[in-house]
Amino acid sequence: MRFKDKVSARIRDMLTNDKLGLSDGFMTAFQADVTHLVKDYFDVSGQIDVKIFENEDGKYGIKISALADKINTFETTFKKKF
Amino acid sequence: MRKIVITSGKGGVGKTTITANLGRKLSADGYKVVLVDGDVGLNNLDVAMGIENRVVYDISDVLAGRCRPFQALALDVETSARILPSSANSADISAQAFRGVVDSLAETFDFVLIDCPAGIEHGFHRAVSSADEAIVVTTPSASAIRDADKVLRLLSTYPLKDVALVVNRTRADLIARGEMLSAKETANILHATLIGIIPDDDYITVFQQLGKTADFAPSKRAFATLSRNVAENTRDVEVPRRRWWRR
């Protein structure tokens, strides 16, 4: 990544945080909730990375990335036993 | 007839310099121009225009009824542009009173350029609420862009006809090396319409100490483009060329 691309990415993150009023507390709470949710579905290995960014067209993107060892299997409805 | 505020949020990005040079260019092109120092208390437009010794009255005298608006106007040293100075005594002027003075000048002049103070407090509101259009000045630095973004968001709450962006102090050599954001990239980040790109120019700094403009300054062409865009409502920006004499 070129220097100015790093600067550009930093500024975009900064402006996004300003606009959303994203504080450290917001990101911590959001990350904790996302982690809790994702772990219900996957056997996550390592940290879940959560990032909010602004696209070229001014829309906000939410990127959640994580690695999982396996997908948790569970049943969404009760099977009736006759 | 057009009332344009030149603002930025961050201090030291070149609002007063751009107001002075834009005003002079518009005046040289035949328009009737008046520059109003909205940066009351920390007024410097008179110094930038080289008229600090010609100031007899200022905006506070107009509002106190000690003189008429036209008596307070000082003539620029280089062009026929007029300047309405302010002073430390002007700090308590209300937005309504300031707007009244600007409106009275707008009846006679083609362009009223208002030099806005740094920050987003009362002085900002006073200057912006007097205008119909705004030019936001920024440099390609992270802190200036951040403040410009805040100002652009604030400006969207005012009933302005047009808001445009000028990127000041660009360095073509750094941009070419990928070490500085270009003006277009800066405008892209801010989602703003680019109306001017002013290159970093030592001659501006040197000659402004005398209140003058250097005829041979590399930025002269950039100000001509900016002036044309403002006067004709066009958006043709010219990317300054690399300066071969200084690497």
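Preceding this section is the structure that the text describes.
Residues numbered from 1 in each chain as written. Chains lettered and ligands numbered in written order. Predicted model: local features only at pLDDT ≥ 70, side-chain atom pairs only at ≥ 80, totals over all residues. Heavy atoms only, no water.

Caption draft 1: Examining the overall build of chain A more closely. Along chain A, the regular secondary structure elements total two helices and two strands. Counting from the amino terminus, chain A carries its helices and strands in the arrangement α-α-β-β. A buried classification covers 22% of the 82 residues belonging to chain A. Excluding contacts between residues fewer than 6 apart, the proportion of contacts in chain A whose partners are at least 24 apart in sequence is 49%. With the model as given, the accessible surface of chain A reaches about 6400 Å², and the carbon-plus-sulfur share is 56%. (Helix = DSSP H or I, 4+ residues; strand = E, 2+ residues; numbered from the N terminus. Buried < 20%, exposed > 50% of the residue type's maximum accessible area, 1.4 Å probe, protein only. Contact = heavy atoms within 4.5 Å. Areas by Shrake-Rupley, 256 points an atom, 1.4 Å probe, with all protein chains shown as cover.)

Caption draft 2: Examining the overall build of chain B more closely. Secondary structure assignment for chain B yields ten helices and eight strands. Scaling as 2.2 N^0.38, a compact globule of 247 residues should have a C-alpha radius of gyration of about 18 Å, and chain B matches this with 17 Å. With the principal axes as the frame, chain B shows a C-alpha extent of 55 × 40 × 30 Å. Among the 247 residues that make up chain B, the fraction classed as buried is 55%. When the accessible surface of chain B is totalled, it reaches about 10600 Å², and 49% of it is carbon and sulfur. For chain B, the distance from the average position of its 31 positive side-chain charges to the average position of its 30 negative side-chain charges is 4 Å. (Rg over C-alpha atoms; globule rule 2.2 N^0.38 Å. Lys, Arg positive; Asp, Glu negative; His and termini not counted. Charge placed at Lys NZ, Arg CZ, Asp CG, Glu CD.)

Caption draft 3: Representation of the sheet that holds strand E6 (residues 133-138) of chain B. Residue and element names in this part refer to chain B. With mixed pairing, eight strands are arranged side by side in an open sheet as E3-E4-E2-E5-E1-E6-E7-E8. Single-partner strands in this sheet number two, and they are strand E3 (74-75) and strand E8 (193-199). Of the pairings in the sheet, the one linking strand E1 (residues 2-7) to E6 comprises four bridges and is parallel in character. Directly across from Ile 6, in E6, lies its bridge partner Ile 135. Strands in contact with helix H4 (residues 95-106) are E1, strand E2 (33-37), strand E4 (82-84) and strand E5 (111-115); relative to E5, the strand with the most contacts, it is inclined by about 150°. Sheet strands in contact with helix H10 (residues 220-232) are E1, E5, E6, strand E7 (162-170) and E8, and its direction is about 160° off that of E8. (Pairing = 2+ DSSP bridges. Axes fitted to C-alpha atoms, helices over the stretch in contact; angles between N-to-C directions.)

Caption draft 4: Highlighting the packing of aromatic side chains. Residues and elements named next belong to chain B. Evaluated as defined, the whole model comprises four aromatic pairs over all chains. Arranged with centres 6.3 Å apart and planes meeting at 80°, the rings of Phe 124 and Tyr 158 form a pair that is edge-to-face. Of this pair, Phe 124 sits in helix H5 (residues 122-128) while Tyr 158 sits in the loop between helix H6 (142-155) and E7; the two residues are 34 residues apart in sequence, bridging distant segments of the chain. With respect to burial, Phe 124 and Tyr 158 carry one shared label: buried. (Phe/Tyr/Trp six-rings, centres within 6.5 Å; stacked < 30°, edge-to-face > 60°.)

Caption draft 5: Highlighting the nonpolar core. All names here are of chain B. Membership of the largest hydrophobic core comes to 46 residues, with the highest contact counts inside it found for Leu 84, Leu 105 and Ile 114. Ranked by residue count, the leading element in this core is H6, at six residues. Residues Ile 6, Ala 20, Leu 26 and Ile 204 belong to the second largest nonpolar core, which totals 31 residues. (Core = buried A, V, L, I, M, F, W, Y, C linked by side-chain atoms within 4.5 Å.)

Caption draft 6: A look at the pattern of salt bridges. The final tally for this structure, using the stated rule, is 13 salt bridges over all chains. Taking the shortest distance from any N to any O, the salt bridge between Lys 4 of chain A and Glu 185 of chain B comes out at 2.9 Å. Placement of Lys 4 of chain A in helix H1 (residues 3-20) and of Glu 185 of chain B in helix H8 (residues 183-190) is noted, with the two residues assigned to different chains. Salt-bridge contacts for Arg 235 of chain B lead to Asp 162 of chain B; the nearest nitrogen and oxygen are separated by 2.5 Å. Pair noted here: Arg 235 of chain B is in the segment after H10 and Asp 162 of chain B is in strand E7, with a separation of 73 residues, a long-range link. Each of Lys 3, Asp 103, Asp 132 and Lys 161 of chain B takes part in salt bridges that share partners, so that together they form one network. (Salt bridge = Lys/Arg side-chain N within 4 Å of Asp/Glu carboxyl O.)

Caption draft 7: Here's a closer look at the side chain of Thr 17 of chain B. Position of Thr 17 of chain B relative to the elements: it lies in helix H1 (residues 15-28). What Thr 17 of chain B contacts, discounting residues up to four positions off in sequence, is Ile 204 and Gln 208 of chain B.

Caption draft 8: Region of interest: the pairing of strand E2 (residues 60-71) of chain A. Residue and element names in this part refer to chain A. Judged from the ten bridges that link them, strand E1 (residues 42-54) and E2 form a sheet pairing that is antiparallel. Counterpart to Val 50 in the pairing with E2 is Ile 64. Counting the residues between successive antiparallel strands, the hairpin from E1 to E2 contains five residues, one of them, Gly 58, with a positive phi of roughly 90°.

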